Amino acid sequence: MASASLQFFAFILALFGVFGGITATLLPNWKVNADVGSNIITAITQMQGLWMDCTWYSTGMFSCTLKYSVLSLPDYIQAARTTMVLSCILSAFGICITTVGMKCTKLGGDPDSKSHACFAGGVCFILAGIFGLVPTSWYTREIISNFLDQTIPESSKHEPGGAVYTGFISAAFLLIAGVIFCTSCFKKQQGAWIYHPKQHHFPSTEQESNAGYNLKDYV
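Residues numbered from 1 in each chain as written. Predicted model: local features only at pLDDT ≥ 70, side-chain atom pairs only at ≥ 80, totals over all residues. Heavy atoms only, no water.

Undergrad: Could you give an account of the overall build of the chain, naming the residues involved and the relevant values?
TA: The secondary structure content of the chain amounts to 5 helices and 5 strands. The secondary structure elements of the chain, listed N-terminal to C-terminal, are α-β-β-β-β-α-α-β-α-α. Across the 219 residues of the chain, 36% fall into the buried class. Look at the contacts in the chain between residues 6 or more apart in sequence, and 65% of them connect residues 24 or more apart. In the structure as shown, the chain presents an accessible area of about 13400 Å², 68% of it carried by carbon and sulfur atoms. (Helix = DSSP H or I, 4+ residues; strand = E, 2+ residues; numbered from the N terminus. Buried < 20%, exposed > 50% of the residue type's maximum accessible area, 1.4 Å probe, protein only. Contact = heavy atoms within 4.5 Å. Areas by Shrake-Rupley, 256 points an atom, 1.4 Å probe, with all protein chains shown as cover.)

Undergrad: Quick one: what's the story with the sheet that holds strand β3 (residues 52–57), residue by residue and with numbers?
TA: Read from one edge of the open sheet, 5 strands run β4-β3-β2-β1-β5, paired in antiparallel fashion. Either end of the sheet is taken by a strand with one partner, and the two such strands are β4 (62–66) and β5 (158–160). Each neighbouring strand pair of the sheet contributes to a mean axis angle of 25°, computed without reference to strand direction. Looking at chain direction, β3 and β4 are connected through 5 bridges and run antiparallel. Note that in β4 the partner of Thr55 across the bridge is Ser63. Each of β1 (31–33), β2 (44–48) and β5 touches helix α3 (residues 111–148); the most contacted strand, β5, lies at about 145° to it. (Pairing = 2+ DSSP bridges. Axes fitted to C-alpha atoms, helices over the stretch in contact; angles between N-to-C directions.)

Undergrad: Please provide a residue-by-residue account of the packing of aromatic side chains, values included.
TA: The relation between two aromatic rings is expressed through the spacing of the ring centres and the mutual angle of the planes. Inspection of the entire model under this criterion finds 4 aromatic pairs. Pairing Tyr76 with Tyr139 gives two aromatic rings, centres 5.1 Å apart and planes at 75°, and the pair type is edge-to-face. With Tyr76 in helix α2 (residues 75–101) and Tyr139 in helix α3, this residue pair connects regions lying 63 residues apart in the sequence. You can call Tyr76 buried: its relative accessible area is 11%. Ring geometry for Phe125 versus Phe181: centroids 5.9 Å apart, planes at 35°, classification tilted. Here Phe181 lies in helix α4 (residues 162–190) and Phe125 lies in helix α3, a separation of 56 residues in the sequence. No difference in accessibility class separates Phe125 from Phe181, as the two residues are buried. Aromatic ring contacts, followed pair by pair, group Trp30, Tyr76 and Tyr139 into a single cluster. The ring of Phe147 has Lys157 sitting right over it, with the charged end atom 5.7 Å from the ring centre. (Phe/Tyr/Trp six-rings, centres within 6.5 Å; stacked < 30°, edge-to-face > 60°. Lys NZ or Arg CZ within 6 Å of the ring centre and 35° of its normal.)

Undergrad: Tell me what's going on with the pairing of β2, and back it up with residues and numbers.
TA: As defined by bridge partners, β1 adjoins β2 across 2 bridges and the pair is classed as antiparallel. Bridge assignment links Lys31 to a residue of β2, and that residue is Gln48. Inspection of the sheet shows β2 paired to β3 by 5 bridges, in the antiparallel sense. What sits directly across from Gln46, in β3, is Thr55. Hairpin connection, β2 to β3: the antiparallel pair is bridged by 3 residues.

Undergrad: Tell me about the side chain of Arg81, residues and numbers included.
TA: Here Arg81 shows up in helix α2. Lacking a salt bridge, the buried Arg81 has Asp53 as its closest oppositely charged neighbour, with an N-O distance of 8.2 Å. A polar contact is formed between the side chain of Arg81 and the backbone oxygen of Leu50, at a distance of 2.7 Å. In this structure the side chain of Arg81 is engaged in a polar contact, spanning 3.4 Å, whose partner is the backbone oxygen of Lys67. Filtering out sequence-adjacent residues up to four positions away, Arg81 remains in contact with Leu50, Trp51, Lys67, Val70 and Leu73. (Lys, Arg positive; Asp, Glu negative; His and termini not counted. Salt bridge = Lys/Arg side-chain N within 4 Å of Asp/Glu carboxyl O. Polar contact = N/O pair within 3.5 Å; in protein donor to acceptor, adjacent residues only side chain to side chain.)

The values reported here are purely geometric and, on their own, carry no functional implication.
Spelled out as structure tokens, the structure:
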């Protein structure tokens, strides 16, 4: 019962991780303009994402421009696009597989099959968390390195946006959920992996003595 409750808790974490990863992938605020030095802008806020760049005006107007050209993008943005999409796909597969493998569901057949499906879903969550953690870390490193670079003008410096933090939290949720699913299945199968030696039954000495006595009677 405790294992089923733990799996359900991990499934909820994975759901938050999936929705957070999809949201972070689509949000345009991976980095926002930094209010430093003479670049204090009160009328315009500029944001840049993986798929579009947006500008928000103090009047309430909001305009976005899609990034159509892939080859003109920096390497870290291309890598972030690829890995975030892979993270979303793997986490969606993990949700489908763990739905079949969880103990609280009636799908998946016998307990061994459900355990294997649960373990496979946990592996998908771990891979999805890794794929989500790599682009957010790389993207944050690029933002910080450009921010600290003295040769870059103040107007071109940015800070990490909300999408980066959402990606970090979602990746952490997926990693935790994957570890819980994998360890719960391992604990279940650990007893079956222990080798039990065969017990050899030897006749007692009393039976041997009785057999010897009976043979003496025939002599």
